[in-house]
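Coordinate analysis (summary)
One letter stands for each residue in the lines below.
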Amino acid sequence: GAVVSQHPSWVICKSGTSVKIECRSLDFQATTMFWYRQFPKQSLMLMATSNEGSKATYEQGVEKDKFLINHASLTLSTLTVTSAHPEDSSFYICSARDQMAQGKANYGYTFGSGTRLTVV
Amino acid sequence: GNSVTQMEGPVTLSEEAFLTINCTYTATGYPSLFWYVQYPGEGLQLLLKATKADDKGSNKGFEATYRKETTSFHLEKGSVQVSDSAVYFCALSDRANTDKLIFGTGTRLQVFP
């Protein structure tokens, strides 16, 4: 089945540094990827929708200059948290959409295993 | 706008008890509905889905029926196991709006032996 690899699974960084999270679709082409943020014991909040070859569409309230998204190929999207601060500590999850998979079991949405970011 | 409302947790049950987790939605158009499960420290896995009214999604003993008249998609299981302990998310996809998934707040299920 469709697999999305998200890396790293966890990262600890110092305040003020930048962190890059990768999301790869391993066996399908993902023209659209989604980035979510999950606070402890809360739901997933959509941060942005990433389309291959074009600028990401950010949800209201998400700082696009802080959360840089790049989707340069059909199998890779990256989220860079710039100048990270402790309040950016969270669990980040990506999801890739296989446009050809509407009839398949997961209806085309496959999630990565998430990245736990801790900023100290 | 589109939204999903889930019952608050945690839901605490004994093994073999009956489970219901309520989910209602608000959407324009005809959304597809999903239940996802998240085990501790992991990402989300699709549990089941329904793409049109009166469809019943089922998997691993879990069931949910797409009820357009009540805008609901309640999750049920007749006999829960300890291994079902996880967080369950109800979600909808509105194909008229970039296909993005809108999630409910999640409901934590704790099953004790």
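Thresholds, definitions, all that
Residues numbered from 1 in each chain as written. Chains lettered and ligands numbered in written order. Predicted model: local features only at pLDDT ≥ 70, side-chain atom pairs only at ≥ 80, totals over all residues. Heavy atoms only, no water. Pairing = 2+ DSSP bridges. Helix = DSSP H or I, 4+ residues; strand = E, 2+ residues; numbered from the N terminus. Axes fitted to C-alpha atoms, helices over the stretch in contact; angles between N-to-C directions. Phe/Tyr/Trp six-rings, centres within 6.5 Å; stacked < 30°, edge-to-face > 60°. Buried < 20%, exposed > 50% of the residue type's maximum accessible area, 1.4 Å probe, protein only. Lys NZ or Arg CZ within 6 Å of the ring centre and 35° of its normal. Core = buried A, V, L, I, M, F, W, Y, C linked by side-chain atoms within 4.5 Å. Contact = heavy atoms within 4.5 Å. Patch = residues over 30% accessible without salt bridge, like charges linked within 9 Å, V, L, I, M, F, W, Y side chains within 5 Å. Areas by Shrake-Rupley, 256 points an atom, 1.4 Å probe, with all protein chains shown as cover. Salt bridge = Lys/Arg side-chain N within 4 Å of Asp/Glu carboxyl O.

1. Re the sheet that holds strand β7 (residues 56-59) of chain B
Residue and element names in this part refer to chain B. Taken in spatial order, the four strands of this open sheet run β3-β9-β8-β7, and their pairing is antiparallel. Pairing within the sheet leaves two strands with one partner each, and these edge strands are β3 (19-21) and β7. Going across the sheet, the axis of each strand differs from the next one's by a mean of 15°, ignoring polarity. Pairing of β3 with strand β9 (residues 75-77) involves three bridges; the strand directions are antiparallel.

2. What about the packing of aromatic side chains?
Scanning the model with the defined rule gives twelve aromatic pairs over all chains in all. When the centroid spacing of 6.0 Å and the interplanar angle of 40° are considered together, the rings of Tyr36 of chain A and Phe111 of chain A count as tilted. Of the two residues, Tyr36 of chain A sits in strand β4 (residues 30-38) while Phe111 of chain A sits in strand β10 (residues 109-111), which places them 75 residues apart along the sequence. Given the relative accessible area of 1%, Tyr36 of chain A is considered buried. Its relative accessible area of 8% is what places Phe111 of chain A among the buried residues. Ring geometry for Tyr25 of chain B versus Tyr66 of chain B: centroids 6.0 Å apart, planes at 80°, classification edge-to-face. Taken together, the positions of Tyr25 of chain B in strand β4 (residues 23-26) and Tyr66 of chain B in the loop between β8 (62-65) and β9 put the pair 41 residues apart, joining distant regions of the chain. Here Tyr25 of chain B matches Tyr66 of chain B in class, with each residue buried. Its guanidinium or amino end placed over the ring of Tyr109 of chain A, Arg97 of chain A lies 4.7 Å from that ring's centre, counting from NZ or CZ.

3. A word on the nonpolar core
Counting 25 residues, the largest nonpolar core has Leu19, Trp35, Leu48, Phe73, Leu75 and Tyr88 of chain B as the members making the most contacts within it. Among the secondary structure elements, those contributing two or more residues to this core are β2 (11-14), β3, β4, β5 (32-38), β6 (44-50), β8, β10 (86-93) and β12 (107-112) of chain B. By residue number, the principal contributor to this core is β10 of chain B, which donates four residues. When sequence neighbours within four positions are dropped, the list of residues in contact with Leu48 of chain B reads Leu33, Phe34, Trp35, Gly57, Ser58, Asn59, Phe62, Glu63, Ala64, Phe73 and Leu75 of chain B. Of all hydrophobic cores here, the second largest spans 23 residues; its members include Val19, Ile21, Met47 and Ala48 of chain A.

4. Regarding a nonpolar patch on the surface
All names here are of chain A. On the surface, Trp10, Ile12 and Val120 cluster together into a nonpolar patch covering about 370 Å² of accessible area. Here Ile12 is to be found in strand β2 (residues 10-13). Overall, the relative accessible area of 55% leaves Ile12 in the exposed class.

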